[in-house]
Structures are given as structure tokens and as C-alpha cells.
Amino acid sequence: MLIELVSQGRKPDLVLTADPGAEKPETYAYLDMMRGWMANHDIEFHVVRYVTKRFKNYPPYNDLAGSLLTNGCLPSIAFGRSSCSLKYKAAPQEAFIKTWQPAIDAWARGEKVIRYIGYDASKRDGQRYAHAATIEDPLFDNSYPLREWLWDRDACENRIRAEGLPVPPKSSCVFCTAMKPDEVRALPEYWLRMIVLIEARAAPRLRTVEGLWRRSTKSKPGRMTNFIRAERLLPEAEIDRIIASAPTSLVRFQEAAAQEPLDTRPTLETWLERFHAISPEGGTNAKASLEPLDAQQCRRAA
Ligand code: SF4
């Protein structure tokens, strides 16, 4: 959509990407490449993120994975809802635009901001479009160029190739329910461990779904962890260790951190660094590194 808009002389004034902090590595690499493409075409571009401000008694965290681990839950998409997307993708973009001077000026003139949305001309996106088109927004007029041009995904891919650019991978959080088995197979170990951890941390509270893939079907299990185990994407012993000890260690870390004032409280990142530093086989060093921090250690870690 962006490439064609530019070639038609309809260059947007601003491009935003909302980053929930858990996109695939290939997506971040593609974004970096497109950053250069947009700079060459003199397009203003920003990456925006949802910033959590109220941590109650929790160690501070700064992305969707941190929220899931802190609260012991799965992304709302796993329960058939969309609040994760609204909070981590839609809301930060709207918040940015509300501070962006050209938008403020347009609203002051009684105009609306035109927002380009990349729903394509396929049946599936047609359903999303039908829903979105019914929503009247006092600040934005939505425009759907791909539907205007009757482009489906194949047409988009052909246009990207014609520009001499590679076709990007499908983007989503690595632990999204929409992830396909092949996409999970391609993940680095860092994110495989995080998926096992997220499901293990949330497991005690799950009643209506088994895990990130909701419920087991003939093609895949409800828990991504079971898939990671069956496909030997992580060593069996490492998966068992994470399930057996990491959620408990994390909760105890949170409890110890809660005793600290916010400005000296250790962040969730400090615990995650130790979690990922553990060798797959476990061992004494590894075991020690997941021991919860007491209040004094919390101060040092902070
Ligand atoms: S990609 Fe999936 S998990 Fe991430 S915000 Fe969107 S719906 Fe939620």
C-alpha cells in the first residue's frame, strides 16, 4: 500500500508502527530496511509503544510479554478477544497522533485526519472492513486503498517485488494465537523459552483454554509448549525445568520486589536476564540464578 501510494504521488504525511515488543526477528529486520526506504522517500516515520505507567506493587515491565508474565495471563486473543491489539497497537498510534502538530492543526480547522488502513480485497479482510466501515469517528476518516484498487495479498506481493524489495513475513507477536506451526518452528530459542514460561505462568488460572493455541485440534495442540516439546525445539529437560521452577521463582521475585519503593524496585528484565542465562541442563549455577531476590538484593539489582 505504501509503495503504491508513493508511486501515485499520494505519499502519506506520517507512517507509524506500533511495536508490542514481541514481533519476530525477521519483522524487526524488515522494519529497519523499510526505515531506510521511507527515509529515501522523505516520509516521516515513528515506532510507537504502549507505555505502562501504573505498576501497583509489581516490578516495572515495558512490553506485552512483561504484562503477561506479571499478571499470569495469556494475550486476550487466546480467549477470542482483541484487547491486546487495541492496547498495544491501536492505542499508542492514536496517542501519538493526538500530539502530532499537523493533526492538531487539522482538527482545529474542523477537518478530520485521513488514516490509511491496509485491509485488502480478500474475503477475510472484507469482513474486517465491513465491521470497521460502520464505526463513525469524530477525528479520523479511514481510507482503504488496497480495496479501492481491488488488490488481494498476491497483488500486494507482486507490487513489493516489482519495487525490488523482499516480501515481508506475516507480522504478529511470537506468542499470538494466530501463529502457524511453521512460524513457531522458526523462532529463536529465546522466544521458545518465553512461550513455555508464559504458558506455565498462566496455567493455574486457565479454565476455558489449554494455552496460547486455545484448544487442541487434529493439526496442533492447545498449548504451544506441547508442540515445542513434540518437535524437540527445546531440550526436554529445559522445558521441564521452566515449568517446574520458573513460575514459582517469578512470583517470589515479584513478592520480594513489592516491598521496595517503585524508584528502587528491580525491573522484570533483571529476572528475565537470569532466566535466559540458565544453561539448558540446569546445574548448580543455574539453580542459584533463579533463586528469588530478597529485598536487599532487590536494591542492588535495581
Ligand atoms: S499480534 Fe496477536 S498477541 Fe499481539 S497484540 Fe495482536 S492479537 Fe494480540
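In the block above lies the structure referred to throughout.
Scoring rules and cut-offs
Residues numbered from 1 in each chain as written. Predicted model: local features only at pLDDT ≥ 70, side-chain atom pairs only at ≥ 80, totals over all residues. Heavy atoms only, no water. Helix = DSSP H or I, 4+ residues; strand = E, 2+ residues; numbered from the N terminus. Buried < 20%, exposed > 50% of the residue type's maximum accessible area, 1.4 Å probe, protein only. Contact = heavy atoms within 4.5 Å. Areas by Shrake-Rupley, 256 points an atom, 1.4 Å probe, with all protein chains shown as cover. Lys, Arg positive; Asp, Glu negative; His and termini not counted. Charge placed at Lys NZ, Arg CZ, Asp CG, Glu CD. Near = heavy atom within 4 Å. Nonpolar A, V, L, I, M, F, W, Y, C, P; charged D, E, K, R; others polar. Disulfide = S-S within 2.5 Å. Core = buried A, V, L, I, M, F, W, Y, C linked by side-chain atoms within 4.5 Å. Domains from an automatic or database assignment. Phe/Tyr/Trp six-rings, centres within 6.5 Å; stacked < 30°, edge-to-face > 60°.

> Would you explain the overall build of the protein in this entry?
Across its full length, the protein carries 15 helices and 4 strands. Reported as C-alpha extents along the three principal axes, the dimensions of the protein are approximately 65 × 45 × 40 Å. Here the protein holds 302 residues, and 44% of them are scored as buried. When contacts within the protein are restricted to residue pairs at least 6 apart in sequence, long-range pairs at least 24 apart make up 71% of them. For the protein, the accessible surface area stands at approximately 16200 Å², while carbon and sulfur atoms represent 52% of it. For the protein, the separation between the mean place of its 43 positive charges and that of its 39 negative charges on side chains is 6 Å.

> Any chance you could explain the site of the ligand here in plain terms?
All residues in the neighbourhood of the ligand are listed as P75, I77, C84, S85, K89, S172, C173 and C176. Considered class by class, the residues forming the shell around the ligand number 5 nonpolar, 2 polar and 1 charged.

> Would you mind going over the side chain of D125 with me for this structure?
Looking at where D125 falls in the secondary structure, it is placed in helix α6 (residues 123-132). Taking the relative accessible area as the measure of exposure, D125 reaches 3% and is therefore buried. With residues near it in sequence (within four places) discarded, D125 still touches G118, Y119, D120, R147 and R153.

> Would you take a moment to explain the state of the cysteines for this structure?
Covalently bonding the sulfur atom of one cysteine to the sulfur atom of another cysteine gives a disulfide. Taken as a whole and assessed by the stated rule, the structure comprises 0 disulfides. Not engaged in a disulfide, the cysteine C73 finds its nearest cysteine sulfur in C84; these two sulfurs lie 9.8 Å apart. With relative accessibility at 15%, the residue C84 sits in the buried group.

> Looking at this model, I keep getting lost on the environment of Y30. Mind explaining?
Mapping Y30 onto the fold places it in helix α2 (residues 25-40). For the pair Y30 and L165, spaced 135 residues apart in the sequence, the C-alpha separation amounts to 9.9 Å. Leaving out residues up to four positions away in the same chain, Y30 has contacts with I160, L165, P166, V167 and P168.

> Can you help me understand the nonpolar core in this one?
Across soluble globular proteins, nonpolar side chains have a tendency to be buried as a group. Ranked by internal contacts, the top residues of the largest apolar core, which has 44 residues, are F175, V184, L197 and I228. A per-element tally of this core places helix α10 (residues 189-202) first, with 8 residues. Each of domain 1 (2-162) and domain 2 (181-301) accounts for three or more of the residues forming this core. One finds I3, W37, I43 and F45 within the second-largest nonpolar core, a separate group that totals 13 residues.

> Could you clarify how one ought to interpret the packing of aromatic side chains in this entry?
Working definition: an aromatic ring pair is given by the centre-to-centre distance plus the angle between the planes. Within the structure shown, the criterion is met by 10 aromatic pairs. Here the aromatic rings of Y190 and W191 are separated by 5.1 Å at their centres, their planes lie at 90°, and the arrangement is edge-to-face. On the basis of relative accessibility, which here comes to 33%, the residue Y190 falls in the partly exposed class. Consider the rings of W213 and F227, whose centres lie 5.3 Å apart with planes at 75°: the pair is edge-to-face. Of this pair, W213 sits in the loop between α10 and α11 (224-230) while F227 is found in helix α11, placing the two residues 14 residues apart along the sequence.

By themselves, these are just geometric observations and shouldn't be taken as functional.
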